[in-house]
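Below are the chains, spelled out letter by letter.
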Amino acid sequence: FYIKAQKKGIKPIVGCEFYVAPSSRKEKKSSEAGPAFHLILLAMDRTGYQNLLKLSSIAQLEGFYYKPRIDKEVLAEHNEGLLALSACLHGEVPWLISHDRFDEARTRAREMVDMFGDRYYFELQENNIPEQKIVNDGLLQLSSELGVKVLATNDCHYLNKEEAHAHEVLLCIQTGKTIADPNHFRFASDDFYFKAPDEMRSLFSYCPEAITNTVEV
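Model, not experiment: these values are computed from the prediction.

Thresholds applied
- Residues numbered from 1 in each chain as written.
- Predicted model: local features only at pLDDT ≥ 70, side-chain atom pairs only at ≥ 80, totals over all residues.
- Heavy atoms only, no water.
- Salt bridge = Lys/Arg side-chain N within 4 Å of Asp/Glu carboxyl O.
- Helix = DSSP H or I, 4+ residues; strand = E, 2+ residues; numbered from the N terminus.
- Buried < 20%, exposed > 50% of the residue type's maximum accessible area, 1.4 Å probe, protein only.
- Polar contact = N/O pair within 3.5 Å; in protein donor to acceptor, adjacent residues only side chain to side chain.
- Contact = heavy atoms within 4.5 Å.
- Phe/Tyr/Trp six-rings, centres within 6.5 Å; stacked < 30°, edge-to-face > 60°.
- Lys NZ or Arg CZ within 6 Å of the ring centre and 35° of its normal.

Trainee: Help me get a handle on the pattern of salt bridges, residues and values and all.
Mentor: For side chains of opposite charge, pairing can occur when their charged atoms come near one another. This model, assessed by the stated rule, comprises 15 salt bridges. As a salt-bridge pair, Asp103 and Arg106 come within 2.9 Å of each other at their nearest N and O atoms. Taken together, the positions of Asp103 and Arg106, both in helix α5 (residues 102-116) and 3 residues apart, correspond to about one turn of that helix. Residue Asp103 is classed as exposed on the basis of its relative accessible area, which comes to 56%. Because the salt bridges share partners, they merge into one network encompassing Arg25, Glu62, Asp71 and Glu73.

Following this line, the structure appears as structure tokens:
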């Protein structure tokens, strides 16, 4: 991936969506939010890449519970050279905001700022999910309070919008359901595709700095 991207004049960014245990990675139980929160970590340099490898190994060898998980303890030890993004609605800070626990969200965000400094960013998304509007408003408020930059992202599970149905079929195959089953697992909207730059600029016209910060990252 890295070599092929460079050959095409594309800057490759190596990263991972990690699962973070609600407490200790060694504690094998679920919280109200489930077994883990999401967190995006991106390598800024070779040190960051080595820390990605270390964290992913720890997640598999020490933190596996339904999913490979890290925790705040190892994140504090191995975050040099990494950028951290608050993730989608299943990230810790967004999840707390969406569940009317704003003070806790502020506390957890401060923990990340203490750990990462200006390498921590809030992710804003536009995906036609009602909860996302609540989360975006909350993140913008925390951004103003804590000085954390916001950036525009989109949760991508397929390339083009018209592939949403094919993705839904694949989810049915994965979960052993049929499309005809009214209770089959599906995503909340068909906006989980790779959106073009102009569309992203239009969606985030209310917060142009989010686009600028995405390019910065």
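We are not done yet, so read on.
Trainee: Account for the side chain of Ser86, with residues named and values stated.
Mentor: Following the sequence through the fold, Ser86 ends up in the loop between β4 (82-85) and α4 (92-98). Look at Ser86 and you get buried, because its relative accessible area is 3%. Reaching out from Ser86, the side chain makes a polar contact with the backbone nitrogen of Glu123 at a distance of 2.8 Å. Excluding anything up to four places from it in sequence, Ser86 contacts His38, Gly91, Pro94, Tyr120, Tyr121, Phe122 and Glu123.

Trainee: How would you summarise the packing of aromatic side chains if you had to cite specific residues and measurements?
Mentor: All chains considered together, the criterion is met by 6 aromatic pairs. With a centroid separation of 4.7 Å and 80° between ring planes, the pair formed by Tyr65 and Tyr66 is classed as edge-to-face. A residue is classified by how much of its surface remains accessible, and Tyr66, at 62% relative accessible area, is exposed. Between Phe185 and Phe187 the ring centres are 6.0 Å apart and the planes differ by 70°, which places this aromatic pair in the edge-to-face class. Connected via pairs of aromatic rings, a cluster forms that spans Phe185, Phe187 and Phe192. If you follow Lys67 out to its NZ or CZ, it ends over the ring of Tyr19, 5.4 Å from the centre.

That is the geometry; function is a separate question.
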